[in-house]
Amino acid sequence: MLPPHPSNNSAFNSASLYVAGLSNAGNSASVSSMDHHRRTDGGGPAHSYADLRGHLTNMNSDPHTSHGLGVRGSSVVGYANEVVASIDQGTQSTRVYLFDKHQSPIANHQVSLSQIYPEAGWCEHDPHEILRCVKECLVGALREAEAKLGVVTVRAVGITNQRETTMVWHRATGQPLYNAIVWLDTRTAGVCAEMEQRLGSKDYFRPTTGLPISTYFSAFKFKWMYDNVPQVTEAVDTDMAMFGTIDSWLIYNLTGGVDGGVHVTDASNASRTQLMDLATLDWHQPYCQLFSMPQSALPRIVSNAEIYGYMTDPPHQAYLGVPVSGSLGDQMSALLGQRCREGEAKATYGTGCFMLLHTGQKIVPSVHGLLTTVAFKLGADAPPCYALEGAVAVAGLGVSWLRDNLGIIQHADEVESLASQVPDTGGVHFVPAFSGLLAPYWLNDARGVITGLTSFTTRAHICRSLLEAIAWQSREVLDAMKQDADLPSEGLTVLYVDGGAAKNALLMQTQADFLEVPVVRPNFPETSCLGAALAAGLGAGIWEHHQVFAGHSYSATTFKPSLVHEDADVRYERWKDAVRRSFGFFPPPGGGAGGSF
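What comes next concerns the included structure. (Residues numbered from 1 in each chain as written. Predicted model: local features only at pLDDT ≥ 70, side-chain atom pairs only at ≥ 80, totals over all residues. Heavy atoms only, no water.)

## Some words on the overall build of the protein
Summing up its helical and strand segments, the protein has 18 helices and 25 strands in all. Within the span of the protein, comprising 597 residues, buried residues form 61% of the whole. Looking at the protein alone, contacts between residues at least 24 apart form 74% of all its contacts between residues at least 6 apart. Per element, the accessible surface of the protein, about 20,900 Å² overall, is 51% carbon and sulfur. (Helix = DSSP H or I, 4+ residues; strand = E, 2+ residues; numbered from the N terminus. Buried < 20%, exposed > 50% of the residue type's maximum accessible area, 1.4 Å probe, protein only. Contact = heavy atoms within 4.5 Å. Areas by Shrake-Rupley, 256 points an atom, 1.4 Å probe, with all protein chains shown as cover.)

## Considering the packing of aromatic side chains
Counted under the stated rule, the structure contains 27 aromatic pairs. Each ring, one from Trp183 and one from Tyr216, has its centre 5.9 Å from the other, and the planes form 70 degrees; the classification is edge-to-face. On the criterion of sequence distance, the pair formed by Trp183 in the loop between β9 (180-181) and α4 (189-199) and Tyr216 in the loop between α5 (206-209) and α6 (218-228) is long-range, its members being 33 residues apart. You can call Tyr216 buried: its relative accessible area is 1%. Judged by centre distance (5.7 Å) and plane angle (45 degrees), the ring pair of Tyr216 and Trp442 falls under tilted. Here Trp442 lies in the loop between β21 (429-431) and β22 (449-451) and Tyr216 lies in the loop between α5 and α6, a separation of 226 residues in the sequence. According to the relative accessible area criterion, Trp442 is buried, its value standing at 3%. The aromatic ring of Phe354 is capped on one face by Arg163, whose charged end is 5.3 Å from the ring centroid. Stacked on the ring of Trp224, the Lys or Arg Arg187 has its end atom at 4.7 Å from the ring centre. (Phe/Tyr/Trp six-rings, centres within 6.5 Å; stacked < 30°, edge-to-face > 60°. Lys NZ or Arg CZ within 6 Å of the ring centre and 35° of its normal.)

## A few points about the layout of surface pockets
Any space left empty among the atoms is revealed by the rolling of a water-sized probe across them. The calculated volume of the largest pocket comes to roughly 1,200 Å³. Residue lining of the largest pocket: 49 residues in total, with Arg95, Tyr349, Gly350, Gly500 and Ala501 positioned closest to the centre. Counting residues per element, the ones that place at least two in the lining of the largest pocket are β4 (93-99), β5 (105-112), α11 (330-337), β17 (345-349), α12 (396-406), α13 (414-419), α14 (459-484) and α16 (527-539). Per element, the largest residue contribution to the lining of the largest pocket is 4 residues, and it comes from α12. For the second largest pocket, the lining is made up of 24 residues, of which Tyr117, Leu184, Leu397, Trp401 and Phe434 are closest to its centre. (1 Å grid on protein atoms, 1.4 Å probe; cavity = no way out; pocket = protein on both sides within 12 Å on 5 of 7 lines; lining within 4 Å. Points joined across faces, edges and corners; volume = space filled by probe spheres on them.)

## Notes on the sheet that holds β4
Taken together, 6 strands build an open sheet; the order of strands is β5-β4-β3-β7-β16-β15 and the sheet is mixed. Where the open sheet ends on each side, the last strands, each with one partner, are β5 and β15 (305-310). On average, each strand axis in the sheet is inclined to that of its neighbour by 25 degrees, with strand direction left out of account. Seen against the sheet, helix α3 (residues 127-149) touches β3 (82-89), β4, β5 and β7 (153-161) and runs at an angle of roughly 150 degrees to β5. Against the sheet, helix α8 (residues 246-254) engages β3, β7, β15 and β16 (323-329), with an angle of about 150 degrees to β7. (Pairing = 2+ DSSP bridges. Axes fitted to C-alpha atoms, helices over the stretch in contact; angles between N-to-C directions.)

## Structural notes on the environment of Leu131
Secondary-structure assignment places Leu131 in helix α3. Given the relative accessible area of 12%, Leu131 is considered buried. For the pair formed by Leu131 and Asn253, sequence separation is 122 residues and the distance between their alpha carbons is 8.0 Å. Those residues in contact with Leu131, other than ones at most four positions away along the chain, are Trp249, Leu250 and Asn253.

## Thoughts on the pairing of β15
Counted residue by residue, β15 has 6 buried out of 6 residues, so it is predominantly covered. Pairing between β15 and β16: 3 bridges, direction antiparallel. Residue pairing across strands places Tyr310 opposite Pro323, the latter belonging to β16.

## Things to note about the environment of Asp203
Mapped onto the elements of the fold, Asp203 is located in the loop between α4 and α5. For Asp203 and Val367, which are 164 residues apart along the polypeptide, the C-alpha to C-alpha distance reads 9.5 Å. Within the structure, Asp203 has its side chain in polar contact with the side chain of Arg206 (distance 2.8 Å). (Polar contact = N/O pair within 3.5 Å; in protein donor to acceptor, adjacent residues only side chain to side chain.)

## Description of α14
In this model, α14 (26 residues) spans 38 Å end to end at C-alpha, consistent with the 38 Å of a helix rising 1.5 Å per residue. Burial runs high along α14: 22 of the 26 residues are buried. One or two residues past the end of α14 sits Asp486, with phi positive at roughly 55 degrees. (Expected span 1.5 Å × (residues − 1).)

## Thoughts on the packing of α11 against α16
Look at α11 against α16: their axes get within 7 Å of each other, and the N-to-C directions meet at 80 degrees. The orientation of α11 with respect to α16, classified from their angle, is roughly perpendicular. Here α11 contributes Asp330, Ser333, Ala334, Leu336 and Gly337 to the contact with α16, which in turn contributes Thr527, Ser528, Leu530, Gly531, Ala532, Leu534 and Ala535. Of the residues assigned to the contact of α11 with α16, the class counts are 6 nonpolar, 5 polar and 1 charged. (Parallel < 35°, antiparallel > 145°, perpendicular 65-115°, else oblique. Nonpolar A, V, L, I, M, F, W, Y, C, P; charged D, E, K, R; others polar.)

Here is the structure:
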């Protein structure tokens, strides 16, 4: 049995609803039916579901206060099948995993997320769909677990999310004022260019935030909305706007929304806005003023592992009263899920590819095009840990492009088998700079190119060149890390990998060859989900710090380099020549405030 929930207010515990047995495998009572459910065990006066919700709302106003709960999610009684739920809200899908007390996954549910493209270079998500998908996945994962195990007790909920994706909603209604602008959206190129010219340097913000001027970061997206969306402008000017990234939106809604929802963001997500001081972990007011961001709109910055609030209106009664106690940006969550310690690195291959090097409690400035960012802060009183990050915009997204735009594959899994039909790319190099280049270049005006095409080129060569592009970009990031972090000449001794595209064995072998280091892939690749679960369990008192970092994740497959060093270097130079040919394309002209509600 997991340790009891750290709450001990027996007065409320004895008076609260006894809902632990309301759900069993294949037969889940609706939340609304709880209004008619009363205790019959003589443990105290009957209370309605509305009473319990009201008490939870009060708790959310001060989640650090100790409270006792008789609800199934946080009961001190304890059940054999206790789990921690992990919400992974990603760019292309949402999923929920349930982990048992041994930190092993026991159930999951996944739902695709619609992509909205109002104009070339723009990408948006519907905030209502995001929330709807999260709730659907919470229920789906729970039902799968109950079908396997019977009654399941949810002890904590953690969140990991696509970073930088930006939202503004109304304080009085709780309704979004515009679609979420996705991290890879490039509509803010004009805002970035104007600010760079005004401030005199692309790296103006780096000494404080660790970030360059780029369309990537949330403050620029907020500034665009403030300048182009009348609803946002009015709400900001009247102190009725609430700003946040996806973690803020989910925590706010899961803890009550307009009815007392908690408005917070965790330190890892806050570090990606361009507004947070890395040293103080607080909003930097001079920068907020530059972006027209009022203090009233900002969420409170919290650690990655503490109780933020309690679920008050869940999609299933099993989650009622469960603490939301962990939150990290997806890449930081994967770093934690891989149990990377200081000096170790991981790469996550999802929509993009993101390599993080854990630098401990030291803030390492980058002069080679990387980002200095918060890795995690595991507790309100814990010291922050930092990381160097290299972000590559296109990994799995490139495979989707081959399928959806060119139609040369029907399913994403085909790219590996097709690429394996040829021994090399036949001289073809694919630079998938669809919306510019991120680390180490940070060029908004770069665009995708394919070089070396001949009459000999087939779709197999194109597929293989995309996989090589992902691996070469990762090598560029690793080279920059070696220089910024002053790593030994041999650099890393191993790279830990995860994410959906890491299932591609050809890509992982290619990555090992190009980096010239072993690549280790855990047999459970969804380490972002695991990291959020570990943080939530730590924040709710379920696990101790030493349990979170007890070894690397599960059993693993190791890919050892097989390419001769000189051959790798020659091919690397050819790749970099192709990259230079992608420079200097001008982005398409921006439009108005398309995609608004």
